[in-house]
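Below, each chain spelled out in residue letters.
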Amino acid sequence: MRSGPGPRRGSLVPLPLLFTAGVVALLVSLAAAMVIGSGDIGFDELARVFGGHIGLDVEPLPRLLDSLVWELRIPRVLMAAVVGAALAISGAVLQSVTRNALAEPYLLGVSHGASTGAVVVVVLAVGGGAVSVSAGALVGALASFGLLLALLGRRGLGSVRVVLTGIVIGLLFHAITYLILMASSDADTTRAIMHWLLGSMAPSRWDSLAVTAAVGAVGLVVLWLYSTALDGFAFGTDTAASLGINVRRTRLVLLVATAVLTSVVVASVGAIAFVGLIVPHGIRFLAGPLHRTLLPLSALAGAIFLVWTDALSRVAFAPREVPVGVFTALVGVPLFLLVLRRRGEL
Amino acid sequence: MRIAAENLGWAANGRTIIRGITVEIGSGQTVGLIGPNGSGKSSLLRCLAGLRAPTAGAVRYNDEDITGWPTRRIAQHLAFVEQASESDSDLRVVDVVSLGRTPFRDRWRGLSPADHAIVDAALDHLDLAGLRDRHWNTLSGGERQRAHIARAFAQRPWAILLDEPTNHLDIRHQFELMDLLAGTGQTVLVALHDLALAARYCDRLILLSEGELVADGPPDEVLTRDRLREVYEIDAEIGQDSLGHLSITYHGVPDIEEAATGAATMSRMDSPSP
């Protein structure tokens, strides 16, 4: 019998260690990111803000500083974590369902569809709450998914053509969004929406955080329950079906779940590119492709990644803020090209 | 366990692929499914494996019509190995074989100790224990095919259906693979291109032509000179080699033979499937 060039383990680092390290790194990152940025805030002040708001007897900060930290900074950092996690698991799931290493909500045009839906709700003032904007985004996301599947017809989802079609659909929805924006809103609203369209954590508040975090948590659990099915898709639909996976229904559940996750994210912070590409590829390299570990680890890593990218976006050109999507794209584009090259399509 | 097709027909996009096929496969048999390219072998296998819904007739497992069975229930009875099933995913051999436990798994839990034992047994059975932690992209074609078959064994099915598993394998690996399949007492239905290989390893052959069943029986009864000429349009001599195995000597395509004179030994059957 042939024995290979040295057996490789499933994961480069033992999994329990990886999980523990991930959780610790996330907590440290959250605390660190909360003290980075405008305002002279240290860990001591941060502790006093937290203490004050959960009713501990601590010396309060000046009102302005307190509300800066409590109303803006803390929800923003937490939002970055939730959004990073949601985008990372969406990417991991889409890559498995489509058997396409380049699949990701932004590249498939889903984020753009969600943007259009959200803008329609905001501009037409159907009600600007976090829930209604998310609902509008979901309609847009499902519309773009539907368009993608309709354009691809019965042909497979594995090729570069899928991403090409997704990008074209993204451009279409992008154009529609701007058209709606220019036609029907005033200059101030337009400026605010433009910033959000580029993907920015700045508008994060507790109410939108609550919606996003709740949907994100449910989404992670639902998708995690499909881990085995996601593994089964590795060899195509016939093999998946022969393993007892109801391919049509499973695909529907998974695509709708990723659309929901993408929608709440876009409704809260706009379309952020490439997180869903960068993070799962990194985790697969570290811990292997099995979804039972890939999904939770991607969630952790996505959270950490976006918390730091957002911190960078706050301080890089302070006091001006760079939309965080700019930085994720700067990291993501080279990776995209690398994946394309490895597939021999560049 | 019996798997039966009853007057089975399947059409896609208005084109009939197979029609009127009635066969039954009983326990422990190694049955070969043969026929020229496009004769409907893959479609018949897929209908029997519950992957395509028949457009006429029925598929029965132990006399029970499987129409409307959940995919999971079918997978608890029957395993299917596709022709060259590839993946970009960098799964390890043990992960691929563990996929065979999918139809029995609980969503909330990982593999049970019993599952692990079954997976280990399947790895041993296919002589893959040493490759357990190897990654998919480092395996040869033969190793990948063996991993898929181990995955099928890990499903602990009543029967394993395989679609041309020896394609893309060199001759030694073809023999090794057939030794593994035929030597276990597992019920196997295997589509094959190589008639000599089919004759040597199968208890019984089912011959399809243009979507219909042409012959069904022991290899020496199914493989006759006239039938090869009729179904494969090939001139061949059927005999026995020195070890007593059925041997086939191909003389070529009849009309080319006449035109070219001499022993053209080319064979249409070696051309790859479309």
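Nothing here was measured: the structure is a model prediction, and the numbers come from that model.

**Q** Break down the overall build of chain A for me, with residues and values.
**A** Along its length, chain A carries 14 helices and zero strands. The helix and strand sequence of chain A, counted from the amino end, reads α-α-α-α-α-α-α-α-α-α-α-α-α-α. Expected size for 346 residues packed as a compact globule is a radius of gyration near 20 Å; at 21 Å, chain A falls within 12% of this value. Each principal axis of the C-alpha distribution contributes one length, and for chain A these read about 70 × 55 × 35 Å. Within chain A, buried positions represent 52% of all 346 residues. Pairs at least 24 residues apart make up 76% of the contacts formed inside chain A by residues separated by at least 6 positions.

**Q** Could you give me a rundown of the sheet that holds strand β6 (residues 78-81) of chain B, with the residues and numbers involved?
**A** Residue and element names in this part refer to chain B. Reading across the sheet, the six strands line up as β6-β7-β8-β3-β9-β10 and stay open at both edges, with mixed pairing between neighbours. Each edge of the open sheet carries a strand with a single partner, namely β6 and β10 (212-217). Averaged over all pairs of adjacent strands, the angle between their axes in this sheet comes to 15°, without regard to strand direction. Relative to strand β7 (residues 159-163), β6 runs parallel, the two sharing four bridges. Bridging across to β7, Phe80 finds its partner in Leu161.

**Q** An account of the pattern of salt bridges is needed here, citing residue identities and associated values.
**A** One pass over the structure, following the stated rule, counts 25 salt bridges over all chains. Ionic pairing is found between Arg46 of chain B and Glu82 of chain B, a salt bridge with its closest N-O pair at 3.4 Å. On the criterion of sequence distance, the pair formed by Arg46 of chain B in helix α1 (residues 41-48) and Glu82 of chain B in the loop between β6 and α3 (93-98) is long-range, its members being 36 residues apart. Note on accessibility: Arg46 of chain B and Glu82 of chain B belong to one class, buried. Across the salt bridge formed by Asp216 of chain B and Arg204 of chain B, the nearest N and O atoms sit 2.8 Å from each other. A residue pair is termed long-range when its members are at least 10 positions apart, and Asp216 of chain B in strand β10 and Arg204 of chain B in strand β9 (residues 204-209) qualify at 12 residues. By relative accessible area, which is 34% here, Asp216 of chain B ends up partly exposed. Residue classification places Arg204 of chain B among the buried residues on the basis of a relative accessible area of 11%. Connected through salt bridges with shared partners, the residues Asp238 of chain A together with Arg46, Arg52, Glu82 and Asp163 of chain B form a single ionic network.

**Q** Run through the UniProt feature "domain: ABC transporter" (unreviewed entry) in chain B, naming residues and quoting values.
**A** Under the feature "domain: ABC transporter" (unreviewed entry), the UniProt entry names residues 3-235 of chain B. Spanning residues 3-235 of chain B, this segment combines 33% helix with 26% strand, and its end C-alpha atoms are found 34 Å apart.

**Q** Would you mind going over empty space enclosed by the protein in detail, with residue names and values included?
**A** Sizing a probe to match a water molecule and rolling it over the atoms shows the empty space that remains. Applying the stated criterion to the full structure yields three cavities of 30 Å³ or more. The computed volume of the largest cavity comes to approximately 50 Å³. For the largest cavity, the full set of lining residues is Ala241 and Ser242 of chain A together with Ala49, Gly50, Leu51, Thr71, Ile74, Ala75 and Leu78 of chain B. Elements with a contribution of two residues or more to the lining of the largest cavity: α10 (237-242) of chain A together with α2 (71-75) of chain B.

**Q** Could you give an account of helix α8 (residues 206-225) of chain A, naming the residues involved and the relevant values?
**A** Helical geometry note: an α-helix holds 3.6 residues per turn, so side chains three or four residues apart project in the same direction. The terminal C-alpha atoms of α8 of chain A lie 28 Å apart, and with 20 residues this matches the ideal 28 Å at 1.5 Å per residue to within 8%. Of all the residues in α8 of chain A, the buried ones are Ser208, Leu209, Thr212, Gly216, Gly219, Leu223 and Leu225 of chain A.

**Q** Before we move on, can you summarise a nonpolar patch on the surface with the specific residues and values?
**A** All names here are of chain A. A contiguous nonpolar patch, built from Leu147, Leu151, Leu172 and Ile176 and spanning about 310 Å² of accessible area, is present on the exposed surface. Among the secondary structure elements, those contributing two or more residues to the nonpolar patch are α5 (130-152) and α6 (160-184). Mapped onto the secondary structure, Leu151 falls in helix α5.

**Q** Could you give an account of the confidence of the model for chain B, naming the residues involved and the relevant values?
**A** Residue and element names in this part refer to chain B. When pLDDT is averaged along chain B, the result is 87, and 93% of the positions lie at 70 or above. Ranking the elements of chain B by mean pLDDT puts helix α10 (residues 254-260) last with 58 and strand β3 (residues 30-34) first with 95. Of the regions scoring below 50 in pLDDT, residues 261-274 engages in 25 contacts with residues more than four places distant in sequence or in other chains.

**Q** A description of the interface of chain A and chain B should follow, citing residues and the corresponding values.
**A** Taken together, the contact pairs 30 residues of chain A with 40 residues of chain B. For the pair chain A and chain B, the interface holds two salt bridges. Here chain A is connected to chain B by seven residue pairs in polar contact (both at pLDDT 80 or more). Sorting the residues of the side of chain A that touches chain B by element identifies α8, α9 (227-232) and α10 of chain A as the ones contributing at least two each. Among the elements that make up the side of chain A that touches chain B, the one with the highest residue count is α10 of chain A (four residues).

**Q** Any details on the packing of aromatic side chains? Residues and values, ideally.
**A** By the definition in use, this model includes five aromatic pairs over all chains. Here the aromatic rings of Trp70 of chain A and Trp206 of chain A are separated by 5.0 Å at their centres, their planes lie at 40°, and the arrangement is tilted. Remark: Trp206 of chain A occurs in helix α8 and Trp70 of chain A occurs in helix α3 (residues 63-97); sequence separation between them is 136 residues. Taking the relative accessible area as the measure of exposure, Trp70 of chain A reaches 16% and is therefore buried. Under the relative-accessibility criterion, Trp206 of chain A is labelled partly exposed at 30%. Ring geometry for Tyr61 of chain B against Trp69 of chain B: centres 5.6 Å apart, planes inclined by 90°, an arrangement best described as edge-to-face. Judged by its relative accessible area of 1%, Tyr61 of chain B falls in the buried class. Classification of Trp69 of chain B by relative accessible area gives buried; the value is 11%. Among the aromatic residues, those joined into a cluster by ring pairs are Phe50, Trp70 and Trp206 of chain A. Against the face of Tyr226 of chain A rests Arg107 of chain B, its NZ or CZ located 4.3 Å from the ring centre.

**Q** Describe in detail the sheet that holds strand β2 (residues 15-25) of chain B, supporting the description with residues and values.
**A** Residue and element names in this part refer to chain B. Read across the sheet, four strands follow the order β2-β1-β4-β5 without closing on themselves; strand pairing throughout is antiparallel. Every other strand in the sheet has two partners, leaving β2 and β5 (64-65) as the edge strands with one partner each. Bridge count for strand β4 (residues 56-61) against β5 is two bridges, and the pairing is antiparallel. Along β5, the bridge assignment pairs Tyr61 with Glu64. In the packing of α1 onto the sheet, the strands contacted are β1 (3-12), β2 and β4, and the crossing angle to β1 comes to about 120°.

**Q** Any details on the confidence of the model for chain A? Residues and values, ideally.
**A** All names here are of chain A. Summing up the model confidence of chain A, the mean pLDDT is 86 and the portion of residues at 70 or higher is 92%. Looking at the elements of chain A, mean pLDDT is at its lowest for helix α7 (residues 187-197), recorded as 77, and at its highest for helix α13 (residues 291-315), recorded as 94. Segment residues 1-9 is flagged for pLDDT under 50; beyond a separation of four residues in sequence, or across chains, it makes 15 contacts in the model.

Rules used throughout
- Residues numbered from 1 in each chain as written.
- Chains lettered and ligands numbered in written order.
- Predicted model: local features only at pLDDT ≥ 70, side-chain atom pairs only at ≥ 80, totals over all residues.
- Heavy atoms only, no water.
- Helix = DSSP H or I, 4+ residues; strand = E, 2+ residues; numbered from the N terminus.
- Rg over C-alpha atoms; globule rule 2.2 N^0.38 Å.
- Buried < 20%, exposed > 50% of the residue type's maximum accessible area, 1.4 Å probe, protein only.
- Contact = heavy atoms within 4.5 Å.
- Pairing = 2+ DSSP bridges.
- Axes fitted to C-alpha atoms, helices over the stretch in contact; angles between N-to-C directions.
- Salt bridge = Lys/Arg side-chain N within 4 Å of Asp/Glu carboxyl O.
- UniProt positions renumbered as here; feature names shortened; annotations may be inferred.
- 1 Å grid on protein atoms, 1.4 Å probe; cavity = no way out; pocket = protein on both sides within 12 Å on 5 of 7 lines; lining within 4 Å.
- Points joined across faces, edges and corners; volume = space filled by probe spheres on them.
- Expected span 1.5 Å × (residues − 1).
- Patch = residues over 30% accessible without salt bridge, like charges linked within 9 Å, V, L, I, M, F, W, Y side chains within 5 Å.
- Areas by Shrake-Rupley, 256 points an atom, 1.4 Å probe, with all protein chains shown as cover.
- pLDDT = per-residue confidence, 0-100.
- Polar contact = N/O pair within 3.5 Å; in protein donor to acceptor, adjacent residues only side chain to side chain.
- Phe/Tyr/Trp six-rings, centres within 6.5 Å; stacked < 30°, edge-to-face > 60°.
- Lys NZ or Arg CZ within 6 Å of the ring centre and 35° of its normal.

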